[in-house]
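Descriptive analysis of the structure
Each chain is listed here by its residues.
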Amino acid sequence: MKPAIVAASIARGAGLLAAALLLPPTGTRAQGTPPATRADSATVILLGTGMPYPDPSAQGPATAVTVGTRLFLFDAGAGVVRQMNAAKLPVRGGPITAVFLTHLHSDHTLGLADVIFTSWVMGRRQPLPIVGPPGTRAMVHHLEAALAEDIEVRTRGLERGIPDGWRTTVREVTGGVVYDSAGVRITAVPVEHGSWKHAFGFRIEAGGRVIVLSGDTRPSAALDRAARGADLLVHEAYPAVRLKPEDRPGGELWPQYMRAFHASDEEVGRLAARAGVKQLVLHHLVRMGGTDAELLAGVRRGGFLGPAVIGKDLDRF
Ligand SMILES: [Zn+2]
Ligand SMILES: [Zn+2]
């Protein structure tokens, strides 16, 4: 098939895929899955805690949550699939139950083609469910169209690639419950991330735990509510004391940008204290030279006195 034909068939399939979504909760992946119990405890694995800066020790933002045999992926930054392997998560046979995107900033999505296509090459047969904000469908279809020559060669050539194993089902949402099956409920929480029309944090209730992922956000009342009583809050942050204009054209807008798009360590500390979260993990840090100790001191100034750590790649909680 020529790329244009593949792109057209992708576009044609979009309507069908939209109809066969992850929800209602009896999605194909979840059928037959036994109810989550305490034995099916929920584990959070930080696959990537980095920023756009290509730090080899901090891959692009991506977080896995496993519950029994189910594997939920939140964001798909650069390096995500190799980090799954490094974390000893399964990579063969299409192990990802669903991918959830917090928003469409490139550092959160640059690994999405890797997730879609490497999982296929590693034996995925079923469409990969992807849930994200409006714009996700177009992004995924463009990625699929961009790889049309690869699809052609792998399926029609000597590799005998699994036909259609590269496919996805995309569901665009603006908030609310996005997965609810067999003891796992995942809610997309609309947060405030500067000029993005749609950005989410996620609240995951599973295995007797409540886990909240902030996504990218400035202080947000909705996230406050979602985090109330959470066992674990994984939040982005920057050190408030380091925020100042940058020495570059447009750098005078930097503090304004940061306050509109992101949350300071003190603000996160206030949120965590207010919400009464049991454990706080900071990641996806705009450090501006700030050390771990400075960030944690900021959290304390904000009033949170519970356990707080700076998350590193492959940490588990
Ligand atoms: Zn962002
Ligand atoms: Zn980000």
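To keep things clear, this report deals only with the structure shown in the data block. Here the structure is a predicted model, which is why all the values come from computation and not from measurement.

With respect to the overall build of the protein chain
A count of helices and strands for the protein chain gives 10 helices and 13 strands. Split into buried and exposed, the 317 residues of the protein chain put 46% on the buried side. Residue pairs in contact within the protein chain that sit at least 24 positions apart in sequence constitute 71% of those at least 6 positions apart.

A short note on the sheet that holds strand β4 (residues 98-100)
Taken in spatial order, the 6 strands of this open sheet run β1-β2-β3-β4-β5-β6, and their pairing is mixed. Either end of the sheet is taken by a strand with one partner, and the two such strands are β1 (42-48) and β6 (168-172). Strand-to-strand twist of the sheet, defined as the mean angle between neighbouring strand axes without regard to direction, takes the value 20°. Sheet analysis places strand β5 (residues 128-132) next to β6, joined by 5 bridges and oriented parallel. By the bridge assignment, I130 is partnered in β6 with V170. Here helix α5 (residues 136-146) sits on the sheet and contacts β5 and β6; the angle it forms with β6, its principal contact strand, is near 155°.

Points about the nonpolar core
Core analysis: the largest hydrophobic core is formed by 76 residues, its most contacted members being V99, F100 and I211. Look past the residues within four positions of V99 in its chain and what remains in contact with it is L73, A76, V115, L128 and I130.

Observations concerning the sheet that holds strand β11 (residues 232-237)
The 7 strands lie next to each other as β7-β8-β9-β10-β11-β12-β13, forming an open sheet whose pairing is mixed. In the strand order of this sheet, the two ends are held by β7 (176-181) and β13 (308-310), each with one partner. Pairwise comparison of adjacent strand axes, ignoring direction, gives a mean angle of 15° for this sheet. For strand β12 (residues 280-285) and β13, the ladder comprises 3 bridges, and the chain directions are parallel. Paired with L280 across the strands is A308, a residue of β13. Set on the sheet, helix α9 (residues 265-275) makes contact with β11 and β12; between it and β11 the angle comes to about 160°. Contacts from helix α10 (residues 292-302) reach β11, β12 and β13, with the element oriented near 150° to β13.

Brief notes about the pairing of strand β8 (residues 184-190)
The element β8 is largely enclosed, with a buried count of 5 among its 7 residues. Hairpin connection between β7 and β8: a loop of 2 residues separates the two successive antiparallel strands, and A182 in this loop has a positive phi of roughly 45°. Note: β8 against strand β9 (residues 200-206), 7 bridges, orientation antiparallel. Pairing of V184 across the sheet is with A206, part of β9.

Considering the packing of α9 against α10
Following both chains from N to C, one finds α9 and α10 inclined at 50°, their axes separated by 6 Å at the closest point. The angle between the axes of α9 and α10 places the two elements in the oblique class. Pair α9 / α10 crosses with right-handed handedness. For the pair α9 and α10, the contacting residues are D265, E266, E267, V268, G269, R270 and A273 in the first and L295, G298, V299, R300, R301 and G302 in the second. Considering only residue class, the contact of α9 with α10 consists of 4 nonpolar, 3 polar and 6 charged.

Thresholds applied
- Residues numbered from 1 in each chain as written.
- Chains lettered and ligands numbered in written order.
- Predicted model: local features only at pLDDT ≥ 70, side-chain atom pairs only at ≥ 80, totals over all residues.
- Helix = DSSP H or I, 4+ residues; strand = E, 2+ residues; numbered from the N terminus.
- Buried ≥ 20, exposed ≤ 12 C-beta atoms within 10 Å, placed from the backbone.
- Contact = placed C-beta atoms within 7 Å.
- Pairing = 2+ DSSP bridges.
- Axes fitted to C-alpha atoms, helices over the stretch in contact; angles between N-to-C directions.
- Core = buried A, V, L, I, M, F, W, Y, C linked by C-beta atoms within 7 Å.
- Parallel < 35°, antiparallel > 145°, perpendicular 65-115°, else oblique.
- Left-handed = near helix turned anticlockwise from the far one by under 90°.
- Nonpolar A, V, L, I, M, F, W, Y, C, P; charged D, E, K, R; others polar.

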